[in-house]
Amino acid sequence: MKKEDQSISILGCGWLGLPLAEQLLAQGYRVKGSTTSADKIKFLKEKGIQPYLIKLNPEINPDYQPDFFDSQVLFLNIPPSRKQADVVDFYPQQIREVLNVAESSSLEKILFISSTSVYPNLNREVREEEAGGEISKSGQALMEVEQILLAQDRFQISILRFCGLFDDERNPGRFLAGKNLNTNGKDRINLIHQEDCIRIIAQFLEKEIWGETFNACADQHPEKDIFYRKATQKLGLEAPLFDADAPHAHKIISSEKLKKRLGYTFIHPDPEQAIDGIKGND
C-alpha cells in the first residue's frame, strides 16, 4: 500500500506525537491527531493534521468522532499520569477504553509507546524479557497495559519502551538542577533524543515490524554526576549534589535487539555529546 493511501492516527499530539505527525506527513502519510484541548484543534489543522478532540477520563468523551480510529495504524502515546493517585488502576482503564471504542473501527495495528520504568534497578544491563519486579506505580501501570494489549487478538501490536526523553526543549540540564539527591552519582543514566525516537518509529512503520517488544535507548550510559554537572553548566545552572555513600540503584538499558532487528544506528548514541549541541540560555 502506498503511503498516501495509508492513514496513521496519533493518540496524543504532544512533545513526541506532534513532531512525529509532521515527519509522517512529510513522508506522504495521511495523519490524524488527537488533543485534549479544544484550543489546539486549529493549530493541528494548520499543520496539515486532521484534528480530533479525545479525552480519556478514563471513559472517552461522548462527543468524540469514531472515525479517528479508522486508520491502518494507531500510535498510542498517552503515558500514565504521575499525578493520578490510582494510576495502577486508572491507566489500564484508559487503554481498555481505547480498545473498546476501536473494536468496531477499521484499525489494524497499534504501536504502543511504553517506558523502561517497567524494569527494576538491577545495577546491570537489562533486556526486554526482564521487566517486572520492584518497580514504580507508573511502571506497574505500564506493565499491566502491555499485558492487556498483548492478550487481545483483534489488533497487531508492537511495543516500544523508551527511556528518558530529551531534546533542546526538554533539556536534561533542567531535570535535576540545584537539587540535593540521596542517590549515587556513579549510577548510570538512560536517555534517548527525540530525533532518534521519531526515526525509530518511522522505521517500524516502514518495515512493518509487529508482534514484538523493543527497548529504545542511546548506546552510551554516562554517570549521573558527570552528565548532570555538564548539562547544568551548559545552561548556567547549579549542578545537583549526589550522595557518594548511597547504595547503587540503577539499570543499563540494552537496545541491542532493536538495533539488530531494524539495522538501526543512533543519531545521538552518546547523551553527553548530544548535550553539547543543545542551546544554552541565550
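Residues numbered from 1 in each chain as written. Predicted model: local features only at pLDDT ≥ 70, side-chain atom pairs only at ≥ 80, totals over all residues. Heavy atoms only, no water.

(A) Here's a closer look at the overall build of the protein. Helices and strands together make up the secondary structure of the protein, namely eight helices and 11 strands. Over its C-alpha trace the protein gives a radius of gyration of 19 Å, about what one expects of a compact globule, namely 19 Å for 282 residues. Viewed in the frame of its principal axes, the protein has a C-alpha envelope of about 55 × 45 × 40 Å. Taken over 282 residues, the protein has a buried fraction of 53%. Nonlocal contacts in the protein, meaning residues at least 24 apart in sequence, comprise 78% of its contacts between residues at least 6 apart. Total accessible area computed for the protein in this model is approximately 13500 Å², and 46% of it derives from carbon and sulfur atoms. A distance of 2 Å separates the average location of the 35 positive side-chain charges in the protein from that of its 42 negative side-chain charges. (Helix = DSSP H or I, 4+ residues; strand = E, 2+ residues; numbered from the N terminus. Rg over C-alpha atoms; globule rule 2.2 N^0.38 Å. Buried < 20%, exposed > 50% of the residue type's maximum accessible area, 1.4 Å probe, protein only. Contact = heavy atoms within 4.5 Å. Areas by Shrake-Rupley, 256 points an atom, 1.4 Å probe, with all protein chains shown as cover. Lys, Arg positive; Asp, Glu negative; His and termini not counted. Charge placed at Lys NZ, Arg CZ, Asp CG, Glu CD.)

(B) Representation of the pattern of salt bridges. Using the criterion set out here, one finds 13 salt bridges in the structure. K47 is paired through a salt bridge with E22; the nearest N and O atoms lie 2.8 Å apart. Pair noted here: K47 is in the loop between α2 (41-46) and β3 (50-53) and E22 is in helix α1 (residues 17-26), with a separation of 25 residues, a long-range link. The partner of D219 in a salt bridge is K259, and the shortest N-O contact between them spans 2.9 Å. With D219 in the loop between β10 (213-216) and α6 (224-235) and K259 in helix α7 (residues 256-262), this residue pair connects regions lying 40 residues apart in the sequence. Given the relative accessible area of 29%, D219 is considered partly exposed. Through salt bridges with shared partners, a single network forms among D219, E256 and K259. (Salt bridge = Lys/Arg side-chain N within 4 Å of Asp/Glu carboxyl O.)

(C) Up close: the nonpolar core. Within the largest apolar cluster, 72 residues are counted, with the highest numbers of intra-cluster contacts made by L160, F162, I200 and I201. At seven residues, helix α3 (residues 87-102) tops the list of elements feeding residues into this core. Sequence-distant contacts of L160, that is, excluding residues within four places in its chain, are made with L111, F112, I113, S114, I200, I201, F204, F214 and L258. I189, F227, A274 and I278 belong to the second largest nonpolar core, which has 11 residues in total. (Core = buried A, V, L, I, M, F, W, Y, C linked by side-chain atoms within 4.5 Å.)

(D) Seen up close, α6. Taking 1.5 Å as the rise per residue, α6 with 12 residues should run 16 Å; its terminal C-alpha atoms sit 17 Å apart, in good agreement. Those residues of α6 that are buried are in contact with β9 (191-193) and α8 (271-274). Positive phi appears at G236, one or two residues downstream of α6, with a value of about 70°. (Expected span 1.5 Å × (residues − 1).)

(E) Region of the structure containing the packing of α3 against helix α4 (residues 137-151). For the pair α3 and α4, the least separation of the axes is 8 Å and the interaxial angle reads 30°. Considering the angle they form, α3 stands roughly parallel to α4. For the crossing formed where α3 meets α4, the hand is right-handed. Contacts between α3 and α4 involve V87, V88, Y91, P92, I95, R96 and L99 on the former and, on the latter, K137, S138, Q140, A141, L142, E144, V145, I148 and L149. Considering only residue class, the contact of α3 with α4 consists of 11 nonpolar, two polar and three charged. (Axes fitted to C-alpha atoms, helices over the stretch in contact; angles between N-to-C directions. Parallel < 35°, antiparallel > 145°, perpendicular 65-115°, else oblique. Left-handed = near helix turned anticlockwise from the far one by under 90°. Nonpolar A, V, L, I, M, F, W, Y, C, P; charged D, E, K, R; others polar.)

(F) Spatial organisation of the packing of aromatic side chains. Counting across every chain of the model gives six aromatic pairs. With 5.0 Å between their ring centres and 85° between their planes, F227 and Y228 make a pair best called edge-to-face. As far as burial versus exposure is concerned, F227 and Y228 are alike and both buried. Sitting over the face of the ring of W15, R170 holds its NZ or CZ atom 4.3 Å from the ring centroid. (Phe/Tyr/Trp six-rings, centres within 6.5 Å; stacked < 30°, edge-to-face > 60°. Lys NZ or Arg CZ within 6 Å of the ring centre and 35° of its normal.)

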